[in-house]
Amino acid sequence: MKKLMAANWKMYKTVDQGVATAQELVRLLAGRLPSDREVLLCPPFTMLEGVSRVLADAPGCSTGAQNFYPAAQGAFTGEIAPDQLLALGCTFALAGHSERRHIMGESDEFVGQKVAFGLAAGLKMILCIGETIAQRRAGQVEDVLERQLEAGLSGVLGAATAENLAVAYEPVWAIGTGEVAGPAEILSAHACVRDKLKAMLPAQADQVRILYGGSVKPDNAATIIRLDNVDGVLVGGASLKADSFSQIVLA
Ligand code: PGA
């Protein structure tokens, strides 16, 4: 599987700004994207269509949504459905990002519903998991990751493949803080995720991509992406500028 180099633009940029960043990124990567790398941009909903159009001509690049509601349609004011995203050219979606778990109060179970619903609707899903600093200090990293994987994947065991499922390990204390997890911390967390995937999805586990996220920058990306069991990165702040994200993609 190709390494998945994913950008999470969170609630930043207007449509024009997002489209301009995507155009600049495509220009910077033209003819340079290694054959073993794939690029994913997850912009706000408002610019999914515009960014998808820009990436349509860029080999190895696609768009993803940061969120959706797990229903086909209906009276869910303010929410968006997988089919509406697919119609904009969006092929991936995140579920369980720590900002949604901690700010919007999404439970492990609700995240699991989204993963199952998104996969059934035809989206490729990236399940985000990770411990808080208090959980790390209490020695609970493995317990938290295993619990979030169990709840996040229990509804998809028959449907998940290496193509339609990825897991992003994002320690909450490393997101947006500039404090990146060290190689030893990443290696042990990713090994734990791989072991749990082997127990839950034995046929697919070796191929399911495990991404690292949390303060990935141009100067640490090359080290992180070459660690065992690191099959990609999920980048927030450093993905907002095309120049910095292109350096990470090519690291
Ligand atoms: P960061 O965010 O790169 O700004 O730490 C990562 C994420 O939230 O996915």
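Above this text you will find the structure in question.
Residues numbered from 1 in each chain as written. Predicted model: local features only at pLDDT ≥ 70, side-chain atom pairs only at ≥ 80, totals over all residues. Heavy atoms only, no water.

Chemist: Explain the site of the ligand here, please?
Modeler: Around the ligand sit 13 residues, and of these K10, H97, E170, G176 and S215 come closest. One nitrogen or oxygen atom from the main chain of S215 is found 2.8 Å from an oxygen atom belonging to the ligand. A distance of 2.8 Å is found between an oxygen atom of the ligand and a backbone nitrogen or oxygen belonging to G237. Broken down by class, the residue content of the shell around the ligand amounts to four nonpolar, seven polar and two charged. (Near = heavy atom within 4 Å. Polar contact = N/O pair within 3.5 Å; in protein donor to acceptor, adjacent residues only side chain to side chain. Nonpolar A, V, L, I, M, F, W, Y, C, P; charged D, E, K, R; others polar.)

Chemist: Sorry if this is basic, but what is going on with unusual backbone geometry here?
Modeler: Of note, the phi angle at K10 is positive, near 50 degrees, even though the residue is not glycine. Its place among the elements puts K10 in the loop between β1 (3-8) and α1 (15-29). Positioned with a positive phi, K13 is a non-glycine residue whose angle comes to about 85 degrees. With respect to the secondary-structure elements, K13 resides in the loop between β1 and α1. Overall, the relative accessible area of 23% leaves K13 in the partly exposed class. (Helix = DSSP H or I, 4+ residues; strand = E, 2+ residues; numbered from the N terminus. Buried < 20%, exposed > 50% of the residue type's maximum accessible area, 1.4 Å probe, protein only.)

Chemist: Just to check I follow, could you spell out the pattern of salt bridges for this structure?
Modeler: Side chains that differ in charge, positive against negative, can pair when their charged atoms come close. Per the stated rule, a full pass over the model turns up 13 salt bridges. With a closest N to O distance of 2.9 Å, R209 and E38 form a salt bridge. In this pair, R209 is assigned in strand β7 (residues 209-213) and E38 in strand β2 (residues 37-42), connecting sequence segments 171 residues apart. Note on R209: relative accessible area 3%, which makes it buried. A cluster of three or more residues bridged by salt bridges with shared partners is formed by R100, E106 and K114. (Salt bridge = Lys/Arg side-chain N within 4 Å of Asp/Glu carboxyl O.)

Chemist: Please clarify how the sheet that holds β7 should be interpreted in this entry.
Modeler: Paired through their backbone hydrogen bonds, the strands of a sheet run either parallel or antiparallel. If you walk around this closed barrel you meet the eight strands as β1-β2-β3-β4-β5-β6-β7-β8, and the pairing is parallel. Each neighbouring strand pair of the sheet contributes to a mean axis angle of 25 degrees, computed without reference to strand direction. Bridge analysis of strand β3 (residues 61-65) against strand β4 (residues 92-95) gives two bridges, and the strand direction is parallel. Note that in β4 the partner of A65 across the bridge is A93. Strands in contact with helix α7 (residues 141-153) are β5 (124-129) and β6 (165-169); relative to β5, the strand with the most contacts, it is inclined by about 150 degrees. (Pairing = 2+ DSSP bridges. Axes fitted to C-alpha atoms, helices over the stretch in contact; angles between N-to-C directions. Contact = heavy atoms within 4.5 Å.)

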